[in-house]
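Here is what each chain is made of, one letter per residue.
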Amino acid sequence: MTIARLANAQRVVVKIGSALLTDAQTGKLNRPWLQAFVEDVAAMRARGQEMLIVSSGAIALGRRALKLPAGKLKLEESQAAAAVGQISLAQAFQEILSTHGRSCAQILLTLDDTEERRRYLNARSTLNTLLKFGAVPVINENDTVATSEIRYGDNDRLAARVASMISADCLVLLSDIDGLYTAPPSQPGATHIAEVAEITPEIEAMAGDAASEMSRGGMKTKISAAKIAVESGCHMAIGNGRTLHPLRALEEGARCTWFTARHTPVAARKRWISGGLKTLGTLIIDDGAVRALGQGRSLLPAGVTGVEGSFERGDAVAVRDAQGHEIARGLVTYSSDDAARLKGHNSSEIETLLGFSGRAEMIHRDDLVLKS
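Residues numbered from 1 in each chain as written. Predicted model: local features only at pLDDT ≥ 70, side-chain atom pairs only at ≥ 80, totals over all residues. Heavy atoms only, no water.

## Observations regarding the packing of aromatic side chains
At step 1: With the rule as written, the count across this model stands at one aromatic pair.
At step 2: Relative to F37, the ring of W33 has its centre 5.3 Å away and its plane inclined at 5°; by these criteria the two rings are stacked. Taken as a pair, W33 and F37 lie in helix α3 (residues 31-46) at a separation of four residues, close to a single helical turn. (Phe/Tyr/Trp six-rings, centres within 6.5 Å; stacked < 30°, edge-to-face > 60°. Helix = DSSP H or I, 4+ residues; strand = E, 2+ residues; numbered from the N terminus.)

Written out as structure tokens, the structure reads:
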């Protein structure tokens, strides 16, 4: 069953670390490994799976190009190295993916992009649109502008945030280790753990620190990533990426550790919207809109008859019928001021009313939860 999780997943996020992408001695890109990895990605994409890559390596590549000394870099040196390395990294992915007939998109994110609601929705919409058109997004932390106070500090947690953001059902962290052990693998008696059904304090205590200079992550950050992933309904695997064709190897039964999610991504997201967010306003809707929501459709501006409260795009709002009964709640696409202008109007009138071409839905069905 654990093997099938990757092969059967509809939307997969794969994180690859600097130690896999770059040669530790020369700092050069490990192109043979990258070519084999992209072959795996292309094969999965060809059978209908949506693929996203969270990639480290920009700083490692950039520091070689800038001839920076070995050892820990200052923040501004890391930012400069990232600015140079991101170009080389994106070019390498684009060149190799294009040989398989796939488009590549570069996405640079900061912590704020996944924490601040409006930017979260924008990033989510962009990623979903790229996937709809068959592109393979390659994502990295925006090291050129992130500061020590706001940065993720590792791409394991960034990958988990991305997986949560786009409702992925599988996250794979490729590293230089084949999973979680009861103790550091070098210690006698250390036992590999094939599956983790629950992340307990005992599981967290098994984590160690980063093993290489180029890596900011370690098993501790991978456990933190697993918490984020499974809470959002996403299974997560930690696997050894040192081998060529690492994703194929996992599908064929290579040893790894699976962290299992108890809910689907859709169910986890619906639970979060329903019970984890405070509503900041209310939309009153007509009977036609009530019926439409009951049929699983989105809420359109035409069905809204009233707007109450003060809210911004991305905030949670309650949806009530004409009698005042709360029938749903969700993440609204427009601010309260814009929603008031749009209420009762057809979606084709949005640009005329607001001066810009906005989204057709007041609340998209993916961001809407009906009250039971």
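## Notes on the sheet that holds strand β8 (residues 195-196)
At step 1: Ordered by their spatial adjacency, eight strands build an open sheet running β3-β4-β2-β1-β5-β9-β10-β8, and the pairing between neighbours is mixed. For this open sheet the edge positions go to β3 (104-109) and β8, each flanked by a neighbour on one side alone.
At step 2: Where strand β5 (residues 170-175) lies against strand β9 (residues 235-240), six bridges are found, and the strand directions are parallel. The residue of β9 that forms the bridge with L174 is G239.
At step 3: Against the sheet, helix α5 (residues 75-98) makes contact with β1 (11-16), β2 (50-55), β3 and β4 (136-141), and its axis sits at roughly 150° relative to β3, the strand it touches most.
At step 4: The sheet strands contacting helix α7 (residues 117-132) are β1, β2, β3 and β4, and the helix crosses β3 at an angle near 170°. (Pairing = 2+ DSSP bridges. Contact = heavy atoms within 4.5 Å. Axes fitted to C-alpha atoms, helices over the stretch in contact; angles between N-to-C directions.)

## What about the pairing of β2?
Residues in a regular strand project their side chains so that they alternate between the two faces of the sheet.
At step 1: Across the six residues of β2, six count as buried, placing the element largely inside the fold.
At step 2: Along β2, one buried face is formed by E50, L52 and V54 and the opposite face, lined by M51, I53 and S55, is buried too.
At step 3: When β1 meets β2, the two strands line up parallel, connected through six bridges. Bridge pairing links V12 to M51 in β2.
At step 4: Two strands pair when backbone bridges link them, and β2 and β4 are joined in this way by two bridges, in the parallel orientation. Bridged to I53 within β4 is V138. (Buried < 20%, exposed > 50% of the residue type's maximum accessible area, 1.4 Å probe, protein only.)

## Some details on the nonpolar core
At step 1: One finds V13, V162, L171, M236 and F259 to be the most contacted residues of the largest nonpolar core, which totals 42 residues.
At step 2: Among the elements of the structure, β2, β3, α7, α8 (155-165), β5, α10 (219-231) and β9 are those that each provide at least two residues to this core.
At step 3: Residue contributions to this core peak at seven residues, all from α10.
At step 4: Membership of the second largest hydrophobic core comes to 32 residues, among which are L6, L21, F37 and L250. (Core = buried A, V, L, I, M, F, W, Y, C linked by side-chain atoms within 4.5 Å.)

## Focus on the sheet that holds strand β12 (residues 304-309)
At step 1: Taken in spatial order, the five strands line up as β12-β11-β13-β14-β15 in an open sheet, and their pairing is mixed. Two strands in the sheet have a free side with no partner beyond their single neighbour: β12 and β15 (368-370). In this sheet, neighbouring strand axes are inclined to one another by 20° on average, regardless of whether the strands run parallel or antiparallel.
At step 2: In the sheet, strand β14 (residues 326-331) pairs with β15 via three bridges, with the strands oriented antiparallel. Looking across to β15, one finds that R329 is bridged to V369.
At step 3: Where helix α12 (residues 265-275) meets the sheet, its contacts fall on β14 and β15, and the angle it forms with β14 comes to roughly 110°.
At step 4: On top of the sheet, helix α13 (residues 287-294) reaches β11 (281-285), β13 (316-320), β14 and β15; it is set at about 105° to β11, its chief contact.

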